[in-house]
Amino acid sequence: MKKRRKMKKELKIILPLLITLALIIIAFIGFKLLNKEPEKTFLEKIEMETYAHITNYAIYGIHMNIEGNITLPENTENPKLMLANGQTEIEIPCILNQNGNEYTFNTSNFINEGINLENLPQEELYLVIKAEEKEENKIIEKYYSVENHSKYNNMEYYTLTKENKNNKIDMEWNTYEECPTWRFNIKEVKLPSTVYDITIDPGHDGTDPGKVICLLPNEIYDPSNYDGCYKGGIKIEEREVNLNISLALKEKLENLGYKVAITREDNESRVEIYEPMGSATMANDTHSKFSFAIHNNSSGIEGGDAESKGIELYVANDTNFDFAQNLIKEITEKANTTTSNKNQHRVENGIYQRFFTQEEIDQDDYPETKSTNLIYYYYIREVGGVSTHAINNGYSEYRKNDHYNSNNTAEPYLFELGYIDNLVDVNNLKNNIDGYAEGIVSALQNYLANEK
Ligand SMILES: [Zn+2]
């Protein structure tokens, strides 16, 4: 009995103490909870009433171009295009046109400029407009989201393989509390088996040798002994020269870790143009970032005494020549060759742009699909999709090019590396295969290293 009374007495002291302590703890937690400013997420900071309209966008090679417009509220100015998430802010180069509070913007007038998709960090970023609101003497930064007014939807991009690694960028249209958003979610992924970095198209195939010439010393010139090539002469077929350089190029690119697709690996196979994995489709079937068509020229003079020689690089419309200039510089150096002396279609030393002429359009079987601002070569015109304005929805005896109106395409280049009927060129093309391949590879490396 005595013991019990003692315990009761102790409880009478301890219990109120415990209750008091519990109350203090609860009050402390409650105080903390009530006073905690909840951290505002980036999307909560975005202005909900105003947003930009995105009217067009396209990926061409490693770049993405965006066009749109926004009407900013009163006293707000200096809009900048950003990929942002509250911590990271990447300003995107932008051409602005202002009319009062109305702005139109586009990332570049060149199809191979805009956002460099290769260098984005592995984060979730939103495309937004950042502008400055002036309030008395203060400047308040405001963020505005974007709404999709283009004919396109979500898309994805896989970066070039670097040290065996690839990022995937999911560009997703969404809404946050009724506010439209465009999210760029960048994360490392394993490259799907169907996705490649670069496509090579060695010009011509088993059914078409391309340019054919016969190299022969003058003394054995004998028209009565002609069998495609004079007896004793050496027959040179363009397809073989193209293939040898293409295979060397593929190997060198693969040694650097790139995943390379090629339209043919021998001189016998047939390469279709518009079938899946054809010469006009493979670059985009494989989601390649660059595509190289390897060709060689001839001026039609047999016997290896043609005066024309040197490299011609054919490029797409509305492009800057950063990569093209690199290619010309590195190939002429590494292969010890010259740029072509041909003036027609030349826009710069070694760089050529051939558009359809009105005369060519008038003579075309499908003139309605051509115009004078279209590149003549289907390889460039059709691989580039909307950026190069291709029209091929199955208008001819050919099937449709599934990518002709795609806004997510490779950046194509068409090489005429030399003249196989010029003795200096043909010897170089046969004996210096690695030099030509090395030139293309180092130009690519230079370009990627310096491209912002
Ligand atoms: Zn050719």
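Structural data are supplied above this passage.
Residues numbered from 1 in each chain as written. Predicted model: local features only at pLDDT ≥ 70, side-chain atom pairs only at ≥ 80, totals over all residues. Heavy atoms only, no water.

**Quick notes on the overall build of the protein**
Under the convention used in this document: For the purposes of this entry, the term helix denotes a DSSP run of H or I that reaches at least four residues, the term strand denotes a run of E that reaches at least two, and both are numbered from the N terminus. Exposed residues in this analysis have more than 50% of their type's maximum accessible area, buried residues have under 20%, and partly exposed residues fall in between, with area computed by a 1.4 Å probe over protein chains only. We call two residues in contact whenever any of their non-hydrogen atoms come within 4.5 Å of each other. Note that accessible areas follow from Shrake-Rupley with a 1.4 Å probe, and for residues the cover is restricted to the protein chains shown. Counting rule applied: Lys, Arg positive; Asp, Glu negative; His and chain ends not counted. Positions of charges follow a simple convention, taking NZ of Lys, CZ of Arg, CG of Asp or CD of Glu.
Looking only at helices and strands, the protein has eight helices and 22 strands in total. Buried residues in the protein amount to 49% of all 452 residues. Across the protein, the fraction of contacts at a sequence separation of at least 24, relative to all contacts at a separation of at least 6, is 70%. If you sum the accessible surface of the protein, you get close to 23300 Å²; carbon and sulfur atoms cover 48% of it. Averaging the positions of the 46 positive and the 72 negative side-chain charges in the protein gives two centres separated by 18 Å.

**Digging into the state of the cysteines**
For clarity, the threshold we go by: Note on disulfides: each one is a pair of cysteine sulfur atoms within 2.5 Å.
Taken as a whole and assessed by the stated rule, the structure comprises zero disulfides. Not engaged in a disulfide, the cysteine Cys94 finds its nearest cysteine sulfur in Cys179; these two sulfurs lie 19 Å apart. Judged by its relative accessible area of 29%, Cys94 is partly exposed.

**Digging into the coordination of the zinc ion**
Cut-off, in case you're wondering: Coordinating donors are taken as N, O and S atoms within 2.8 Å of the metal, stretched to 3.2 Å for Na, K and Ca; because water is absent from the atoms, sites can appear incomplete.
For the zinc ion, every protein donor is listed as His204 (NE2), Glu238 (OE), Glu238 (OE) and His295 (ND1), and the spread of their distances is 2.1 to 2.8 Å. Of note, the donors binding the zinc ion are all from one chain and are spaced H-x33-E-x56-H. Linking Glu238 in helix H2 (residues 238–255) with His295 in strand E17 (residues 290–297), this pair joins segments that are 57 residues apart in sequence. Take Glu238 and His295: they sit in the same class, and that class is buried.

**Focus on the pairing of strand E2 (residues 63–71)**
The test is simple: Strand pairing is defined by DSSP finding a minimum of two bridges between the two strands.
Looking at chain direction, strand E1 (residues 46–60) and E2 are connected through seven bridges and run antiparallel. Within E2, the position partnered with Ile54 by the bridge is Gly68. In textbook terms, the turn of a hairpin is the stretch between consecutive antiparallel strands, and for E1 and E2 this stretch comprises two residues, one of which, Gly61, has a positive phi near 70°. When E2 meets strand E7 (residues 115–116), the two strands line up antiparallel, connected through two bridges. By the bridge assignment, Met64 is partnered in E7 with Ile115. Examined bridge by bridge, E2 and strand E6 (residues 102–106) share five bridges and lie antiparallel to one another. Paired with Glu67 across the bridge in E6 is Asn106.

**Quick word on empty space enclosed by the protein**
Using the following cut-off: Buriedness of a pocket was judged along seven lines, with at least five required to meet protein on both sides within 12 Å; pockets are open sets of points on a 1 Å grid over the protein atoms alone, cavities are sets where a 1.4 Å probe fits but cannot get out, and lining residues have an atom within 4 Å of a point. Grid points are joined across faces, edges and corners, and a volume is the space filled by probe spheres set on the points. Amino acids are sorted into nonpolar (Ala, Val, Leu, Ile, Met, Phe, Trp, Tyr, Cys and Pro), charged (Asp, Glu, Lys and Arg) and polar (every other residue, Gly among them).
This model, assessed by the stated rule, comprises one cavity of 30 Å³ or more. The volume enclosed by the largest cavity comes to roughly 40 Å³. Lining the largest cavity, in full, are Ile70, Pro79, Lys80, Leu81, Cys94, Leu96, Phe105 and Ile129. For the lining of the largest cavity, the element with the highest residue contribution is strand E3 (residues 76–84), accounting for three residues. In terms of residue class, the lining of the largest cavity is made up of seven nonpolar, no polar and one charged.

**Let's talk about the packing of H2 against helix H8 (residues 433–450)**
We count it as follows: All axes are obtained by fitting lines to C-alpha atoms, using only the stretch in contact for helices, and the reported angles, taken between N-to-C directions, cover 0 to 180 degrees. Roughly parallel here means an angle under 35 degrees, roughly antiparallel means over 145, roughly perpendicular means 65 to 115, and every remaining angle is called oblique. Handedness of a crossing follows from how the near helix is turned relative to the far one, being left-handed for an anticlockwise turn of less than a right angle and right-handed for a clockwise one.
In the contact formed by H2 and H8, the axes pass within 8 Å of each other and the chain directions differ by 45°. One finds that H2 runs oblique with respect to H8. Both H2 and H8 take part in a crossing whose hand is right-handed. Residues Asn244, Ile245, Ala248, Leu249, Lys252 and Leu253 of H2 form the contact with H8, whose own contacting residues are Ile433, Asp434, Tyr436, Ala437, Glu438, Ile440, Val441 and Leu444.

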